[in-house]
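So you can see what is in the structure, the chains are spelled out below.
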Amino acid sequence: MKLIVAIVQDQDAPSLLDDLTEQDYRVTKLASTGGFLKSGNTTLLIGVEEAQVEEVIKTIEENGKTREITTSLMTVTMPGDTYVPYPLVVKVGGATVFVLDVEKHIRI
Ligand code: 2BA
């Protein structure tokens, strides 16, 4: 068995969840925060058989869009200075996916 950990953009999560559950996959949705942008994203945990991994990745690809996000980072040069926001354009990928081996899976 494999555990797919998929970090997706919040906007893509509802349609991806619909597609995965329609295909009978069991999914856990976690609210997460990206370390760089410090803004919300969605992490999905999907436990599947090895033969299903590619189908799940295809479904994630179909629902994930790369977007350019304009954000503002705060900067300060000296202690006591006021924070100055400056615009930053960042390309956020459709999804970041990790596929992990599962040693044991138990449903009680
Ligand atoms: P964030 O950490 O908020 O990153 C958002 C986007 O900012 C990233 O998009 C990337 O384009 C850019 N970025 C991230 N770190 C950067 C840095 N040190 N310097 C310059 N630009 C940087 P993605 O790569 O598509 O990542 C989207 C989200 O997926 C990330 O949100 C993070 O929550 C997660 N993620 C990506 N790679 C990861 C990894 N290796 N481990 C854990 N989580 C990861």
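Higher on the page you've got the structure.
An account of the accompanying structure is given in this report.

Scoring rules and cut-offs
Residues numbered from 1 in each chain as written. Predicted model: local features only at pLDDT ≥ 70, side-chain atom pairs only at ≥ 80, totals over all residues. Heavy atoms only, no water. Helix = DSSP H or I, 4+ residues; strand = E, 2+ residues; numbered from the N terminus. Buried < 20%, exposed > 50% of the residue type's maximum accessible area, 1.4 Å probe, protein only. Contact = heavy atoms within 4.5 Å. Salt bridge = Lys/Arg side-chain N within 4 Å of Asp/Glu carboxyl O. Core = buried A, V, L, I, M, F, W, Y, C linked by side-chain atoms within 4.5 Å. Near = heavy atom within 4 Å. Polar contact = N/O pair within 3.5 Å; in protein donor to acceptor, adjacent residues only side chain to side chain. Areas by Shrake-Rupley, 256 points an atom, 1.4 Å probe, with all protein chains shown as cover.

## Points about the side chain of Thr59
In step 1: With respect to the element layout, Thr59 can be found in helix α2 (residues 53-63).
In step 2: The exposure class assigned to Thr59 is buried, which follows from its relative accessible area of 3%.
In step 3: For Thr59, the contacting residues outside a window of four places in its chain are Leu16, Asp19, Leu20 and Gln23.

## Let's talk about the environment of Ala6
In step 1: Locating Ala6 in the fold gives a position in strand β1 (residues 2-8).
In step 2: For Ala6, a relative accessible area of 0% translates into the label buried.
In step 3: As for Ala6 and Phe98, which are separated by 92 residues in sequence, their C-alpha atoms are 6.4 Å apart.
In step 4: Sequence-distant contacts of Ala6, defined by excluding residues within four places in its chain, comprise Thr42, Thr43, Leu44, Ile60, Thr96 and Val97.

## A word on the pattern of salt bridges
In step 1: In the structure shown here, the tally under the stated rule is three salt bridges.
In step 2: A salt bridge links Asp101 to Lys2; its shortest N-O distance comes to 2.3 Å. With a gap of 99 residues between them, Asp101 in strand β6 (residues 95-101) and Lys2 in strand β1 connect regions that are remote in the sequence.
In step 3: By relative accessible area, Asp101 is classed as exposed at 62%.

## Thoughts on the nonpolar core
In step 1: Counting 15 residues, the largest nonpolar core has Ile4, Leu20, Ile46, Val48 and Val56 as the members making the most contacts within it.
In step 2: For this core, the elements supplying multiple residues, two or more each, are β1, α1 (13-22), β3 (40-48) and α2.
In step 3: In contact with Val56, not counting residues within four places along its chain, are Ile4, Leu20, Tyr25, Ile46 and Val48.

## Concerning the site of the ligand
In step 1: Taken together, Ile7, Gly34, Gly35, Phe36, Leu37, Asn41, Val90, Lys91, Val92, Gly93, Thr96 and Phe98 make up all the residues around the ligand.
In step 2: Between Lys91 and the ligand, the recorded distance is 2.6 Å, taken from a backbone N or O atom to an oxygen atom.
In step 3: In the environment of the ligand, an oxygen atom lies 3.5 Å from a nitrogen or oxygen atom belonging to the side chain of Thr96.
In step 4: Against a free-state accessible area of 750 Å², the protein chains account for coverage of 50% of the ligand.

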